[in-house]
Amino acid sequence: IKSIIYPLPVATHYNLEPLPLKKQILVYAPDKEDYYWKRFNGELIKRIVNEFPNVSFIILKNSGKKFSEPNVKCFTWVKDMKKMYKNSLGMIRISEHDGFPGTIVETLSMGRYFVYSQEFPFCKKATNFDELKKSIKEIINESKLNVSGREYVEKEYGLDSIAEGLIKIYKQYKLIK
């Protein structure tokens, strides 16, 4: 069976919003099971929040049972991610292995910064403590929106782009004329 991989419009695209004055960063670090805590480098995140006591860290998909630091708030579920992105400078998602998270598109679409464990255009790559520390320093000292990241996701993952690509695929396989 011949197959291809093609993105679907699963992520929300937001408008550019001014960067917040508060130094706040979102972190994806689920702790529902030890497997996820390890896969998303929970111990590394634990170390990094202590390295930056003047930065607020919002830990997503996390019960808070492994954090007691005053600069950390944990949420098992967030209803309004737009508000979370708007009030943050960026997001961290450092996993041992990962698919393509919609949070990249959502974060970049608002002009925020994204720290990721894999190569992705207009994101900062970090896989260890030193790389993550450097990336966070750059983000909290940056005073400009990540406009290039926004432009990239709008071009590559915007609804029009995805629809055009799907039409080409359907025509290629003669599913439409």
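That block above? That's the structure.
Values in this document were obtained by computation on a predicted structure and should not be read as measured data.

Colleague: Please clarify how the overall build of the protein chain should be interpreted in this entry.
Modeller: Per the secondary structure count, the protein chain includes seven helices and six strands. The C-alpha radius of gyration computed for the protein chain amounts to 17 Å, which stays within 12% of the reference 16 Å derived for 177 residues, consistent with globular compactness. Taking the principal axes of its C-alpha atoms as reference, the protein chain extends roughly 60 × 35 × 30 Å. Looking at the protein chain as a whole, 46% of its 177 residues qualify as buried. Here the protein chain displays about 10500 Å² of accessible surface, and carbon together with sulfur accounts for 53% of that area. Across the protein chain, the centroid of the 30 positively charged side chains sits 3 Å from that of the 21 negatively charged ones.

Colleague: Honestly, helix H7 (residues 159–172) in this entry has me stumped. Any pointers?
Modeller: For the α-helix, the turn length of 3.6 residues means that residues three or four positions removed from each other point alike. In a regular helix each residue adds 1.5 Å, so 14 residues correspond to 20 Å; H7 covers 20 Å between its end C-alpha atoms and thus fits that length. Looking at the buried side of H7, the elements it contacts are helix H6 (147–157). Of the residues one or two after H7, lysine 174 is the one with positive phi, at around 55°.

Colleague: Which parts of the structure should I look at to understand the packing of helix H2 (residues 42–51) against helix H5 (residues 129–141)?
Modeller: Running from N to C, H2 and H5 cross one another at 45°; their axes reach a closest spacing of 11 Å. Relative to H5, H2 is oriented oblique. Between H2 and H5 lies a crossing of right-handed hand. Only Phe129, Leu132, Lys133 and Ile136 of H5 make contact with H2, whose side of the interface consists of Leu44, Ile45, Arg47, Ile48 and Glu51.

Colleague: Honestly, the packing of aromatic side chains in this entry has me stumped. Any pointers?
Modeller: Aromatic ring pairs: the centre-centre distance and the angle between the two ring planes describe each pair. Considering all chains together, one arrives at 11 aromatic pairs under this definition. Measuring from ring centre to ring centre gives 5.7 Å for tyrosine 14 and tyrosine 85, while their planes differ by 55°; the resulting arrangement is tilted. Within this pair, whereas tyrosine 14 is found in the segment before strand S1 (24–28), its partner tyrosine 85 is found in helix H3 (residues 81–86), the two being separated by 71 residues in sequence. Among the residues examined, tyrosine 85 registers a relative accessible area of 1% and is labelled buried. Each ring, one from tyrosine 152 and one from tyrosine 157, has its centre 6.3 Å from the other, and the planes form 65°; the classification is edge-to-face. Of the residues examined, tyrosine 157 reaches a relative accessible area of 16% and is grouped as buried. Linked through ring pairs, Phe100, Phe120, Phe122, Tyr152 and Tyr157 together constitute an aromatic cluster. Between arginine 47 and the ring centre of phenylalanine 129, over which it is positioned, the NZ or CZ distance is 3.9 Å. When the ring centre of tyrosine 28 is taken as reference, the NZ or CZ atom of arginine 93 above it lies at 4.4 Å.

Colleague: Even after reading the chapter, I still don't get unusual backbone geometry, so can you show me in this structure?
Modeller: Excluding glycine, most residues fall at negative phi; most peptide bonds, likewise, are trans. In the Ramachandran plot, lysine 61 falls in the positive-phi region, its phi being about 60° despite a non-glycine side chain. Residue placement: lysine 61 occurs in the loop between strand S2 (56–60) and strand S3 (72–75). Given the relative accessible area of 40%, lysine 61 is considered partly exposed. One non-glycine residue, phenylalanine 122, lies in positive phi territory at about 65°. Along the chain, phenylalanine 122 turns up in the loop between strand S5 (113–116) and strand S6 (124–125).

Colleague: How do you make sense of H2 when you look at a structure like this?
Modeller: Along H2, the residues that are buried comprise Gly42, Leu44, Ile45, Ile48 and Val49. Along H2, the residues classed as buried sweep out an arc of 150° about the axis, all on the same side. Where H2 is buried, its residues touch S1, helix H1 (34–39), S2, S3, strand S4 (90–93) and H5.

The rules behind the values
Residues numbered from 1 in each chain as written. Predicted model: local features only at pLDDT ≥ 70, side-chain atom pairs only at ≥ 80, totals over all residues. Heavy atoms only, no water. Helix = DSSP H or I, 4+ residues; strand = E, 2+ residues; numbered from the N terminus. Rg over C-alpha atoms; globule rule 2.2 N^0.38 Å. Buried < 20%, exposed > 50% of the residue type's maximum accessible area, 1.4 Å probe, protein only. Areas by Shrake-Rupley, 256 points an atom, 1.4 Å probe, with all protein chains shown as cover. Lys, Arg positive; Asp, Glu negative; His and termini not counted. Charge placed at Lys NZ, Arg CZ, Asp CG, Glu CD. Expected span 1.5 Å × (residues − 1). Contact = heavy atoms within 4.5 Å. Axes fitted to C-alpha atoms, helices over the stretch in contact; angles between N-to-C directions. Parallel < 35°, antiparallel > 145°, perpendicular 65-115°, else oblique. Left-handed = near helix turned anticlockwise from the far one by under 90°. Phe/Tyr/Trp six-rings, centres within 6.5 Å; stacked < 30°, edge-to-face > 60°. Lys NZ or Arg CZ within 6 Å of the ring centre and 35° of its normal. Arc of directions from axis to C-beta.

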